[in-house]
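Chain residues, written in single-letter form:
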Amino acid sequence: MTGPRARLGFFSRAWAVCAKDAAQELRRRVAIASIFFFAATALALVSYAVGPFGLPPEARSSLDASLLWIILFFSAATGLPRAFVREEETGTGLGLRKVASGVVVLAGKGLFNFLLFLAIAALSVPAFAVLLEWRVASPVALAAVVLLGGWGLSIVSTFLSALVARAGQRNVLFLVVSFPLLVPLLLPAIAATIQASEGAVAQTPLRVLAAYDGAATCAAYLLAAVVWED
Amino acid sequence: MKYLKLLLLPWMAAVVAASFLWPEPAKGFLGESSRIVFFHVPCAWTAALAFLVAAGYSVGWLVARNPRFDEVAETAVRLGLLFAVLTLLTGSLFAKIMWGSYWNWDPRESSYLLLVFLYSAYLFLRAAVDDRERRARIGSAYAVFAAVLMPFLVFVAPRVTASLHPQTVINPQGKILMDAPTKTVFFAALAGFTGLFFWMLEIESRLARLTRERRQTG
């Protein structure tokens, strides 16, 4: 089957996987609540330890940007790996394999993780700005960084979640395998955030983020069927 | 491969001797520290090459499902880890001489530390899966995925941020900033380390195949 009907079929199926994950998480709420609680705790800790006036003025923009992305990354790391691990824990992986291909499942779970990351960022970034008196001269540039960084983080985390889902020591293993792959995303994200807070649009870091997102998405798409095999 | 082995010994001996005796130390470097380029850069190149070889054999396994390809891929990663560690050690010696400390979180220095983490993550991932077929499939998928993103780690990220590291062979001017003797010894070292890698790869992967065959025959 080719043409518009097939494309609509793919997106609607991916959306169905995303909606299933969202319904599952919202029904129990424990996992989602723990992610937001982690973000709140990290924010509170940083704010209490450093405070709005605890950083030297000349280093504020780089330290604020770094702290923000540390909070976002580790908050996401508590929740994003659950994408495929949840299916194995609840025993629904086999059923899902019967009805959906690897590409559809990866797209749906990647989309859910992206929306989850955006929800974390939507709460964390304003709270961070208020608690640490962080002024962002270019909110549009910051939004672009969060969107690009969030997509890369989500797609890589979703793919790696599929890899570690049926391995031992899953939680520790996820951090071990994801950290070296996510650093090339986080470094330009921090650089772009620094420039956004100073009012500039960081063209080079944003281009690097876009290239990284494109490469990760293509690689995940091509390998989806392999990691989804029984 | 037998002829490669016979050629490698005199070749590497000549490279080591020439690196200390022939080119003059480069300007802008303290003492004889510039000579480390004949060992440090080939180790770095070989570490990156090893991962690309692993990714290539991983693609081969995904296509053909031949266990031999998986063995070669894993062996390539182990050797890549060795050369990445050697890169860090030689780089740290240079950093101590030039900048006064073995480690200062320079982006280029740190990129190879992360490459060590990447290799280690591949081996951890494989060690966490008991089933051989699934281990090969997961390892191959990770190697290919990581190979796509590795250039961002090794080539892009260190160039986005400011670094103390001397200008690299691949630089914005597109010129090799070395005199003729240095260039000759450098490329000879590069060829020697590449040959050394492939020789070690052949031996190690042959050992892995013999171990597998012995296990299968009981």
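Cut-off values and rules
- Residues numbered from 1 in each chain as written.
- Chains lettered and ligands numbered in written order.
- Predicted model: local features only at pLDDT ≥ 70, side-chain atom pairs only at ≥ 80, totals over all residues.
- Helix = DSSP H or I, 4+ residues; strand = E, 2+ residues; numbered from the N terminus.
- Buried ≥ 20, exposed ≤ 12 C-beta atoms within 10 Å, placed from the backbone.
- Contact = placed C-beta atoms within 7 Å.
- Rg over C-alpha atoms; globule rule 2.2 N^0.38 Å.
- Nonpolar A, V, L, I, M, F, W, Y, C, P; charged D, E, K, R; others polar.
- Axes fitted to C-alpha atoms, helices over the stretch in contact; angles between N-to-C directions.
- Parallel < 35°, antiparallel > 145°, perpendicular 65-115°, else oblique.
- Left-handed = near helix turned anticlockwise from the far one by under 90°.
- pLDDT = per-residue confidence, 0-100.
- Expected span 1.5 Å × (residues − 1).
- Core = buried A, V, L, I, M, F, W, Y, C linked by C-beta atoms within 7 Å.

### What to know about the overall build of chain B
So, point 1. Along chain B, the regular secondary structure elements total six helices and zero strands.
So, point 2. Once the C-alpha set of chain B is aligned to its principal axes, its extents read approximately 60 × 40 × 30 Å.
So, point 3. Considering chain B as a whole, with its 218 residues, one finds that 37% of them fall into the buried category.
So, point 4. Restricting to contacts in chain B with at least 6 residues of sequence separation, those with at least 24 account for 77%.

### Details of the overall build of chain A
So, point 1. The helix and strand inventory of chain A stands at nine helices and zero strands.
So, point 2. A compact globule built from 230 residues should have a C-alpha radius of gyration of about 17 Å, and chain A, at 18 Å, falls within 12% of that.
So, point 3. If you line up chain A on its principal axes, its C-alpha atoms span 60 × 35 × 30 Å.
So, point 4. Among the 230 residues that make up chain A, the fraction classed as buried is 44%.
So, point 5. In chain A, once contacts between residues fewer than 6 apart in sequence are set aside, the share between residues at least 24 apart is 84%.

### Regarding the environment of serine 111 of chain B
Residue and element names in this part refer to chain B.
So, point 1. Position of serine 111 among the secondary structure elements: in helix α4 (residues 107–127).
So, point 2. Judged by the 25 C-beta atoms lying within 10 Å of it, serine 111 falls in the buried class.
So, point 3. For the pair formed by serine 111 and phenylalanine 155, sequence separation is 44 residues and the distance between their alpha carbons is 8.7 Å.
So, point 4. Excluding anything up to four places from it in sequence, serine 111 contacts Leu153, Val154, Ala157 and Pro158.

### Considerations on unusual backbone geometry
So, point 1. Phi is positive for glutamate 133 of chain A, close to 55 degrees, though the residue is something other than glycine.
So, point 2. The topology assignment puts glutamate 133 of chain A in the loop between α6 (102–131) and α7 (139–164).
So, point 3. In this structure, arginine 65 of chain B is a non-glycine residue whose phi angle is positive, near 55 degrees.
So, point 4. You can see arginine 65 of chain B is positioned in the loop between α2 (37–64) and α3 (67–99).

### Concerning the interface of chain B and chain A
So, point 1. Across the contact, 24 residues belong to chain B and 27 residues belong to chain A.
So, point 2. Looking at the side of chain B that touches chain A, the elements with two or more residues in it are α4 and α5 (132–160) of chain B.
So, point 3. With 14 residues, the top contributor of residues to the side of chain B that touches chain A is α5 of chain B.
So, point 4. Taken together, the residues of the side of chain B that touches chain A sort by class into 22 nonpolar, one polar and one charged.

### Let's talk about the packing of helix α2 (residues 30–50) of chain A against helix α3 (residues 60–79) of chain A
Residues and elements named next belong to chain A.
So, point 1. The N-to-C vectors of α2 and α3 enclose an angle of 155 degrees; their axes lie 9 Å apart at closest approach. By the angle class used here, α2 and α3 are roughly antiparallel. Note on packing geometry: the crossing formed by α2 with α3 is right-handed. Of α3, the residues touching α2 (which contributes Ala31, Ser34, Ile35, Phe38, Ala39, Ala42, Leu43 and Val46) are Leu67, Ile71, Phe74, Ser75, Thr78 and Gly79.

### Some words on the packing of helix α8 (residues 170–197) of chain A against α4 of chain B
So, point 1. It is at 9 Å that the axes of α8 of chain A and α4 of chain B come closest, and there the two elements cross at 145 degrees. The two elements α8 of chain A and α4 of chain B cross, and the hand of that crossing is left-handed. For the pair α8 of chain A and α4 of chain B, contact is made by Leu173, Val176, Val177, Phe179, Pro180 and Val183 of chain A and by Leu114, Phe117, Leu118, Ala121, Phe124 and Leu125 of chain B, respectively.
So, point 2. Of the residues in the contact of α8 of chain A with α4 of chain B, the class split is 12 nonpolar, no polar and no charged.

### Considerations on the confidence of the model for chain B
So, point 1. Within chain B, residue pLDDT values average 87, and 92% of them lie at 70 or more.
So, point 2. Across the assembled chains, the prediction reports ipTM 0.86 with pTM 0.87.

### Topic: α3 of chain B
So, point 1. The terminal C-alpha atoms of α3 of chain B lie 47 Å apart, and with 33 residues this matches the ideal 48 Å at 1.5 Å per residue to within 8%.
So, point 2. One or two steps after α3 of chain B, the chain reaches glycine 100 of chain B, where phi turns positive at roughly 85 degrees.

### Observations concerning the nonpolar core
So, point 1. Phe159 and Leu163 of chain A together with Ala50, Ala54, Ala76 and Tyr142 of chain B are the most contacted members of the largest nonpolar core, which has 128 residues in total.
So, point 2. Apart from the residues within four sequence positions on either side, phenylalanine 159 of chain A is in contact with Leu106, Ala220 and Val227 of chain A together with Phe145 of chain B.

### A closer look at α6 of chain A
So, point 1. In this model α6 of chain A runs 42 Å from its N-terminal to its C-terminal C-alpha over 30 residues, within 8% of the 44 Å that 1.5 Å per residue would give.
So, point 2. Just downstream of α6 of chain A lies glutamate 133 of chain A, where phi reads positive at about 55 degrees.

### Some remarks on the environment of alanine 76 of chain B
Residue and element names in this part refer to chain B.
So, point 1. Along the polypeptide, alanine 76 turns up in helix α3.
So, point 2. Along the backbone, alanine 76 and leucine 86 are 10 residues apart, and their C-alpha atoms lie at a distance of 15 Å.
So, point 3. Beyond its immediate chain neighbours, meaning those up to four positions away, alanine 76 contacts Ala50, Val53, Ala54, Tyr57 and Leu201.

### Examining the environment of valine 77 of chain B
Residues and elements named next belong to chain B.
So, point 1. As for its position among the elements, valine 77 is in helix α3.
So, point 2. Take valine 77: there are 28 C-beta atoms within 10 Å of it, and that puts it in the buried class.
So, point 3. For valine 77 and glycine 100, which are 23 residues apart along the polypeptide, the C-alpha to C-alpha distance reads 32 Å.

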